[in-house]
Amino acid sequence: MARRASDPPGTDPFVRVRGAREHNLREVDVDIPRDALVVFSGVSGSGKSSLAFGTLYAEAQRRYLESLSPYARRLIDQVGVPDVDAIEGLPPAVALQQQRGTPNVRSTVGSITTLSSLVRMLYSRAGTYPPKQPMLFAEDFSPNTPQGACPNCHGLGSVFEVTEQSMVPDPSLSIRERAIASWPPAWHGQNLRDILVTLGYDVDIPWSKLPKKDRDWILFTEDTPTVPVYPGFTPAETRSALKRKTEPAYMGTFTGARRYVLHTFATTQSALMKKRVSRFMTGAPCPVCGGRRLKREALSVTFAGLDIGTLSQLSLDRIAQVLKPAAEGRFDAPVDTRTRSRAASRKDVATRIASGGSAHAGSSDVRRTPDLSEEKRIAAQRIAHDLVERIGTLLALGLGYLALDRPTPTLSPGELQRLRLATQIRSNLFGVVYVLDEPSAGLHPADSEALYDALDQLKGTGNTLFVVEHDLDLMHRADWLVDVGPGAGQHGGQVLYSGPPDGLRKIEPSMTRRYLFGARAVRRTPREATRWLELRGVHRNNLHGVDVRFPIGAFTSVTGVSGSGKSSLVSQALVELVGDHLGHEPIVEESEGEAPSFSPIARTVGKLGEGADAIRRLVNVDQKPIGRTPRSNLATYTGLFDHVRKLFAATKMAKSRRYSAGRFSFNVAQGRCETCEGEGFVSVELLFMPSVYAPCPTCHGSRYNAKTLEVEWNGRNIAQVLAMTVDEAMAFFADEPVVQRPLALLHDIGLGYLRLGQPATELSGGEAQRIKLATELQRSQRGDTLYVLDEPTTGLHAADVDKLMAQLHGLVDAGNTVVVIEHEMRVVADSDWVIDMGPGAGEEGGRIVAAGAPETVSRAKESRTAPYLRRMFEAR
């Protein structure tokens, strides 16, 4: 790229990197143009992120922070100093990475976009107040402040109760038969039943036959009596033992069923336990605020006929419609001046607003907006105009279906990144490098078009975009392509090509080249379904009475634009209804350090039809990371480390020293290095400079003490084994089938380059999800299992997608059923059955637009997926 006429004399239009060695990069030298859309491509683990984020962004941030005082630098979360010789021509950088939403349910779309602050200002300065009510400040309209929150629900909008029906779903069972489903499982539950026997309650008759007085005490008492317990005794034997004052096995304390649920939900640190007990809590809108989270005084103020709580529940596109007249200086539109009750559904309200009617169901009190003072009109127009413009940016990115009060924990990483991208577009910065991490992740191809336009807009205002991406369409649209590889891990780390996309055609070693310029034809004949799993009358989020069938023993892709109802149908309704049918909770991945959700889990309304008996097991492989700390790693998560430690414990030296398998864990005091406590590194405090981490001076990063490292198995100690890659370990443990099996699966799914001891914090999202799948695949396949996966191709290169699909089709061939939510059209075209949701998002979605074989769905006229799917077959 030559220097432009507009560039100042002597200005180099390139960012020049020399000697980059971050992670697996191998002395990389590369020149990258500024003021361009640059895509970094390559297989998962090739070093793309190490170059874009670990080197370029890290260096840009370091240079900026150098301008700040040492004290200020210490307060900022820094990404570290990159391992690189030199980088020239690098402007300031902003990173937009894939991140999950904060676990705090008080964080919403409105708060992270700052739209809620503007809305509160609008109501405070330009709202219509009841007679004699003093003006409220903006803080009075926030449910997160003491002065604004509803005093009954504390700003949450819901109140929760535990009822007899929720705790005892089957009253025909006896207490001994576990009628009280909310009681803890295993020993703790048996203990409570034994205590009831001591207290004289009949635990062997159906629950419904017990006197109501007894049922109420068992479920709702706040008493906690401590009594003698005789485990295994019959009621008669227990009465006899009490009469004779026989010494009990122990003294047990009773806890009422509701008390147990509420106490566990409030105090447990286990997301899994919190999820379990939340099943027995029923949520309902707060009767004081009607679910709108605010005190009465705030809800009595209206704008355009709506109170702020009602407005916040509408989708962004509906809010833009409501505010548009005010933004244009028109204040005479017909509106309803009464505050809206919770009884009217959001869909009904949106429909009436869209048609120019009232926000209130059945309201006759419709009149013109009361005369506003000139001061209020000016304030209203200015704030409403700003709001409409900001919302317009979000609508352009395909986020119009989101509501202001949508909690951020319910947002996908892709939705969060687009929300932050919209904020950057509105900032009107110039001369900045934006580093984006797979912005197309989780996007339907139709939504990607809006993303491409947003990126062009950022570039058009004089910025540079460095995008780590697997999307082939975005690669074609790029000004410049940096392909990293050729393989992953130690087999990658080289820049194979840097230049305009078309030049990659000539680069033979590139894995990206084969897919970017190769045919996209689909040649596999779909399997014919003979049995079906039916869901009937499903109500969940924007699904209203949906009936759907999934073919059993087949591979099904569920498609649709973002917000169309795919996750509601599959990850929620399908998983919950099948899980309830099987009588157990579906497999839930609990990540270390992840805060449990605050509110009880909403439940799906609906039922299973025919085919349910064909499913004997459910496996839900979601997108959560496998761990949040360096102590969680590939070996520990897959379970293969347990077998490795047993091999070391069985050696002659270990036996002579009486070392157990636990000795070879870096989390156990006996075996780990005491200086770093098994971390492998120590933190060095530099006063007002940020802390740095250095290898432990005692164990030099091995994590173990010297005595433990003296034990070797086949010439290697435990630290050396953890340093092996999966491929190296396969050869080393060739004669150990129990270790070889998980290693072979990790290799087959494309993770052979990862080290066994690689910390979970260093794994990409695609790597973490494939590790979970490999962990599941190593279990013996009995067939009749339903596998549910949420966008399993997220973060995967096209070559890695092929490996993943081979494994998933292998599951189907073994007699299982696979259902995936998917946007990757190559995967959809390679499915046996496609269910397309839509046609739009939010209120405009929630129904099945088309269902059938992929080629059949590609011809569906109403489907927004069809045009993109059709391209797969036209290439043939």
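Residues numbered from 1 in each chain as written. Predicted model: local features only at pLDDT ≥ 70, side-chain atom pairs only at ≥ 80, totals over all residues. Heavy atoms only, no water.

The protein appears in an unreviewed UniProt entry as UvrABC system protein A from Lysobacter auxotrophicus. UniProt annotates the protein under Sequence similarities (unreviewed entry) with the comment "Belongs to the ABC transporter superfamily. UvrA family." Looking at the protein in UniProt, the text filed under Subcellular location (unreviewed entry) is "Cytoplasm". (UniProt positions renumbered as here; feature names shortened; annotations may be inferred.)

## Overview of the pairing of strand β3 (residues 37-41)
Most of β3 sits out of view: 5 of its 5 residues are buried. Across the two faces of β3 the burial is the same, with L37, V39 and S41 and V38 and F40 all buried. Relative to strand β15 (residues 464-468), β3 runs parallel, the two sharing 4 bridges. Bridging across to β15, F40 finds its partner in V468. Of the pairings in the sheet, the one linking β3 to strand β16 (residues 480-485) comprises 4 bridges and is parallel in character. (Buried < 20%, exposed > 50% of the residue type's maximum accessible area, 1.4 Å probe, protein only. Helix = DSSP H or I, 4+ residues; strand = E, 2+ residues; numbered from the N terminus. Pairing = 2+ DSSP bridges.)

## What about unusual backbone geometry?
What is expected of a backbone is that most residues other than glycine have negative phi and most peptide bonds are trans. Here the bond from G485 into P486 is cis, since omega is 0 degrees, no more than 30 degrees from zero. Tracing the sequence through the fold places P486 in the loop between β16 and β17 (494-499). Across the junction of G838 and P839, the peptide omega takes the value 5 degrees, indicating a cis bond. Tracing the chain through its elements places P839 in the loop between β27 (833-838) and β28 (847-852).

## A look at the pattern of salt bridges
Side-chain pairs of opposite charge can arise where the charged atoms are in close proximity. Counted by the stated rule, this structure contains 39 salt bridges. Residue D12 is joined to R16 by a salt bridge in which the shortest nitrogen-to-oxygen separation is 2.5 Å. For R672, the salt bridge is made with E674, and the minimal N-O distance between the two is 3.8 Å. Among the residues examined, R672 registers a relative accessible area of 16% and is labelled buried. A cluster of three or more residues bridged by salt bridges with shared partners is formed by D12, R16, R18 and D31. (Salt bridge = Lys/Arg side-chain N within 4 Å of Asp/Glu carboxyl O.)

## Side note on the nonpolar core
The biggest cluster of nonpolar side chains holds 147 residues, and the ones touching the most others in it are Y123, L421, V644, F733, L743 and L756. Per element, the largest residue contribution to this core is 8 residues, and it comes from helix α29 (residues 798-813). Setting aside its immediate chain neighbours within four residues, L421 contacts L96, L397, L436, L451, A454, L455 and L458. Core analysis: the next-biggest nonpolar cluster, separate from the first, contains 28 residues, A36, V38, L51 and A93 among them. (Core = buried A, V, L, I, M, F, W, Y, C linked by side-chain atoms within 4.5 Å. Contact = heavy atoms within 4.5 Å.)

## Structural notes on the environment of G840
For G840, the position within the fold is in the loop between β27 and β28. With 275 residues separating them along the chain, G840 and G565 place their C-alpha atoms 9.4 Å apart. Non-local contacts of G840, meaning those with residues more than four positions away in its chain, are made with V561, S564, G845 and R864.

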